[in-house]
Amino acid sequence: MLYQKFKYSILIIGLLFNLPINAADPQIHMLVDTCIACHGTDGSSVGSATPNIANMREKLFIKAMQDMRSGERPSTVMRVIAKGYTDSEIRIMAQFFSQQQAIPHRQNFDAEKAAKGRQLHNLYCNGCHKIEGKTTKLLSNNLAGQQMPYLRYRLTEFINDSDPTLSPLMKNALKNFIDNNSQDSLENLIHYYASLGGK
Amino acid sequence: MANFTRRTFLAVTAATVAGFYVFNSKTKQKVVIIGGGAGGVIAAKYIRKVESNIDVTLVEQNQHYYTCFMSNEVIGGTRNIESIKYDYANLAKYGIKVVYSQATNIEADLKQVKLQNGETLSYDRLIVSPGISFNWDAIDGYDETMIDKIPHAWKAGSQTTILQKQLQAMKNGENIIITVPPKPFRCPPGPYERASLIAQYFKCNKPKSKVIILDSNQSFAKQSLFTQGWEQLYNYGTDNSLLEWIPPDRGGKLTAVDAKTMTIHTSEDKYTAAVINIIPPQQAGKIAIDNGLTDASGWCPIDQRTFESSLLPDVYVIGDACIAGVMPKSAYSANSQAKVCAQAITASLRGVEMVNPSLVNTCYSVVGNEFGISVAGVYRVENGKILVSQGASGSSPIKASADYRKSEVAYAHSLYDNITHEMFD
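These figures come from a predicted structure and were not determined experimentally.

## Section: the overall build of chain A
Within chain A, the regular secondary structure consists of 10 helices and 0 strands. Evaluated residue by residue, chain A yields a buried proportion of 42% over its 199 residues. When contacts within chain A are restricted to residue pairs at least 6 apart in sequence, long-range pairs at least 24 apart make up 73% of them.

Pasting the structure below:
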């Protein structure tokens, strides 16, 4: 009861000062603030390898947590951490991060590779992973400005078939990409996504 | 606003009254924070983030902060000391006042803190985040006056540099001893990470030298993973091992130090080395001990839900100094505790109940440039105790590919960049 009142008063204060409502909900922050020291402020990582989770699709966030919790999807610390939250807590976190604007961190990329990667992206990836505007595919990750080492790890997992949770759609798309392009091409793609980071 | 009920109306009225109280500058509430480390800085920032009308003052004795985390990479020569050096200049952006002085007296009955510079700061709530202090009486023949010759390097900065320079000055074939104090101490895997990165330095630069770990504990954090790394990278367990680990049952427990002859006496033996790194037995930071915040264990008992001291009202203790249930003493723990404490304090100043705490620890150790290991845990409070949430606690798998181990080094550095960005940017 007290908590309900508190929530309401926070909501009103939030409205008065024109804050996004989430920004003042203590229960949401109690959960999501634990992620920040690894994933960066509101999910935008300045670290070289931790993926950005700001602006991550809600459904994808939930699936990622569930797949890492079950151990189906390979991961390092997240296979442990994902176990600590209930489904409803994961939903709260997913909603919060999906509403955060991704602030990409500037990375060292090769402009030439990025230019080649851009063409490849438009040809092979843009159908699902739209760079401009949100895709209708609810499980497609936002790749613009994503960390290069992270992209390499994930793509290696996909190629080595070590992630059984990979969607058949992505699996086929990747196979199609690899069959028609050289090994360097994947690296070009990665440089392209890195190039979409901060200035 | 379709569901604008009577209850909501009452809440709005309550909020308006509360808002007047909180936002009226004459009654501006004050939080003072002692200690600008992984706990204190985050607590300051998050209190201001939740409630920008609270007056927050951080008391810190040093102008610069060197992170203990990643300082082992400096000792091992793979990182520059400048890369772990930070200052508090950006905190002003968040409306946090920084006073560079040492807090000496907490006058809980008057709700004020006395500083060495003569200032007295009054508070509504006080956070003490002092880290650790060393129990200098515990080791026969070693005390604070000897740390230039025999460094502890367990608080980063000049001590880190001293140890690193001593290693560089060693001759190939000379040894280093690291002594590990009884648990609990700051950064449980730290001594073994340090030993690993020194072994890595020896491997490249002084292949006839050796690290000898004299341990007061029979087992240690991430032991099987460290052992695997040592076997793979440093010939551990063979005659050419760059590392030796001697637990108490094999005479590893330190009993006395002879600084003149650079000799360590243990229960069963004595060891001599060109360089000695004594990690002394630890307790809560001095301010906590001097002001009655510690119990017989030397650490600070707290309400594990709010981090309020069990011994002094309206004083909160976070980070290495507090007894936080099953959470280890790490930077990530301190960071997470600071956020919970910030919520507890803002809720208490608003006169409302805080929400259920949720805490995390994540801790990486770099065993070699391409061999990282981790431990992580999620915690919540049950029956007044911080416990592991739903079994979410564990370390890296013992069976893992070389790529996996390599990726954990990248994630370790990434965590470092994000946690320091959160603190100082």
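Moving on, there is more to tell.
## Brief notes about the sheet that holds strand β8 (residues 120–122) of chain B
Sheet strands pair by backbone hydrogen bonding; their relative direction is either parallel or antiparallel. Residue and element names in this part refer to chain B. The antiparallel open sheet is built from 3 strands, whose spatial order is β6-β7-β8. Each of the sheet's edge strands pairs with one partner strand only, and the pair in question is β6 (103–107) and β8. Looking at each pair of strands side by side, their axes are set apart by 20° on average, direction ignored. Note that strand β7 (residues 112–115) and β8 share 3 bridges and pair antiparallel. Each bridged residue has a counterpart across the sheet, and for Val113 the counterpart in β8 is Leu121.

## Details of the sheet that holds strand β22 (residues 385–395) of chain B
Residue and element names in this part refer to chain B. Judged by pairing direction, the sheet is antiparallel, and its 3 strands sit side by side in the order β20-β21-β22 without closing on themselves. Unpaired on one side and paired on the other, β20 (358–368) and β22 mark the two borders of the sheet. With strand direction ignored, the average angle separating the axes of adjacent strands in the sheet is 20°. Pairing geometry for strand β21 (residues 371–382) and β22, over 7 bridges, is antiparallel. Bridge pairing in β22 links Gly377 to Ser393. In the packing of helix α9 (residues 402–424) onto the sheet, contacts are made with β20 and β21, and the angle to β21 comes to roughly 60°.

## Here's the deal with the environment of Arg73 of chain A
All names here are of chain A. You can see Arg73 is positioned in the loop between α4 (58–70) and α5 (78–81). Accessibility expressed as a C-beta count within 10 Å gives 22 for Arg73, which makes it buried. Linking Arg73 and Thr165, residues 92 residues apart in sequence, is a C-alpha distance of 6.0 Å. Once you skip the residues sitting within four places of it in the chain, Arg73 turns out to touch Ala64, Asp67, Met68, Asp163 and Thr165.

## Topic: the nonpolar core
Residues and elements named next belong to chain B. Ala43, Val128, Val317 and Cys341 are the most contacted members of the largest nonpolar core, which totals 162 residues. Ranked by residue count, the leading element in this core is helix α8 (residues 331–350), at 9 residues. Those residues in contact with Ala43, other than ones at most four positions away along the chain, are Ile33, Ile127, Ser129, Ile318, Ala338, Cys341 and Ala342.

## Quick look at the interface of chain B and chain A
In this assembly, 45 residues from chain B lie in contact with 36 residues from chain A. With 13 residues, the single largest contributor to the side of chain B that touches chain A is α9 of chain B. For the side of chain B that touches chain A, a count of residues per class yields 18 nonpolar, 21 polar and 6 charged.

## Things to note about the domain arrangement of chain B
Residues and elements named next belong to chain B. For chain B, the assigned domains are domain 1 (6–61 + 101–134 + 283–354) and domain 2 (137–281). Tallying the contact residues gives 6 residues for domain 1 and 6 residues for domain 2. For the side of domain 1 that touches domain 2, the residue count by class is 3 nonpolar, 1 polar and 2 charged.

## Digging into the domain arrangement of chain A
All names here are of chain A. Taken domain by domain, chain A holds domain 1 (2–98) and domain 2 (111–195). On the side of domain 2, 15 residues touch domain 1, which itself brings 16 residues to the contact. Taken together, the residues that form the side of domain 1 that touches domain 2 break down as 5 nonpolar, 5 polar and 6 charged.

## Topic: the packing of helix α8 (residues 148–159) of chain A against helix α10 (residues 183–195) of chain A
Packed helices, taken two at a time, are described by their axes: the angle between them and the distance between them. Residue and element names in this part refer to chain A. Relative to each other, α8 and α10 sit at 145°, their axes nearing to 9 Å. Seen from above, α8 lies across α10 with right-handed handedness. In this structure, α8 contributes Met148, Leu151, Arg152 and Leu155 to the contact, and α10 contributes Leu186, Ile190, Tyr193 and Ala194. In terms of residue class, the contact of α8 with α10 is built from 7 nonpolar, no polar and 1 charged.

## Quick notes on the pairing of β20 of chain B
Residues and elements named next belong to chain B. Most of β20 sits out of view: 11 of its 11 residues are buried. As paired strands, β20 and β21 are joined by 10 bridges and run antiparallel to one another. Note on β21: the bridge partner recorded for Ser365 is Ile373. With antiparallel pairing between neighbouring strands as the criterion, β20 and β21 make up a hairpin whose turn holds 2 residues.

## Thoughts on α4 of chain A
Residue and element names in this part refer to chain A. Counted at 1.5 Å a residue, the expected span for α4 with its 13 residues is 18 Å, and the 19 Å between its end C-alpha atoms agrees. Every buried residue belonging to α4 is among Phe61, Ala64, Met65, Asp67, Met68 and Arg69, and all of these are buried. Buried-residue contacts for α4 involve α5 and α6 (87–98). In the segment just after α4, Gly71 is the residue with positive phi, at about 85°.

## Points about the packing of α4 of chain A against α6 of chain A
All names here are of chain A. Look at α4 against α6: their axes get within 8 Å of each other, and the N-to-C directions meet at 140°. The pairing of α4 with α6 is recorded here as oblique in orientation. The two elements α4 and α6 cross, and the hand of that crossing is right-handed. On α6, the residues that touch Glu58, Phe61, Ile62 and Met65 of α4 are Ile90, Arg91, Met93, Ala94, Gln95, Phe97 and Ser98. Split into classes, the residues belonging to the contact of α4 with α6 amount to 7 nonpolar, 2 polar and 2 charged.

## Let's talk about the pairing of strand β14 (residues 254–258) of chain B
Pairing of β14 of chain B with strand β15 (residues 263–266) of chain B involves 4 bridges; the strand directions are antiparallel. When the bridges of β15 of chain B are listed, Asp258 of chain B appears paired with Thr263 of chain B.

## Overview of the confidence of the model for chain A
Residue and element names in this part refer to chain A. This prediction gives chain A a mean pLDDT of 86; 85% of its residues lie at or above 70. α5 holds the highest mean pLDDT among the elements of chain A, 97, whereas helix α1 (residues 2–16) holds the lowest, 47. Below pLDDT 50 for its whole length, residues 10–21 participates in 14 contacts with residues either more than four positions away or in separate chains.

## Topic: the environment of Lys83 of chain A
The topology assignment puts Lys83 of chain A in the loop between α5 and α6. Separated by 15 residues in sequence, Lys83 of chain A and Met68 of chain A place their C-alpha atoms 8.3 Å apart. With residues near it in sequence (within four places) discarded, Lys83 of chain A still touches Arg69 of chain A together with Gln390, Gly391 and Ala392 of chain B.

The rules behind these values
Residues numbered from 1 in each chain as written. Chains lettered and ligands numbered in written order. Predicted model: local features only at pLDDT ≥ 70, side-chain atom pairs only at ≥ 80, totals over all residues. Helix = DSSP H or I, 4+ residues; strand = E, 2+ residues; numbered from the N terminus. Buried ≥ 20, exposed ≤ 12 C-beta atoms within 10 Å, placed from the backbone. Contact = placed C-beta atoms within 7 Å. Pairing = 2+ DSSP bridges. Axes fitted to C-alpha atoms, helices over the stretch in contact; angles between N-to-C directions. Core = buried A, V, L, I, M, F, W, Y, C linked by C-beta atoms within 7 Å. Nonpolar A, V, L, I, M, F, W, Y, C, P; charged D, E, K, R; others polar. Domains from an automatic or database assignment. Left-handed = near helix turned anticlockwise from the far one by under 90°. Expected span 1.5 Å × (residues − 1). Parallel < 35°, antiparallel > 145°, perpendicular 65-115°, else oblique. pLDDT = per-residue confidence, 0-100.

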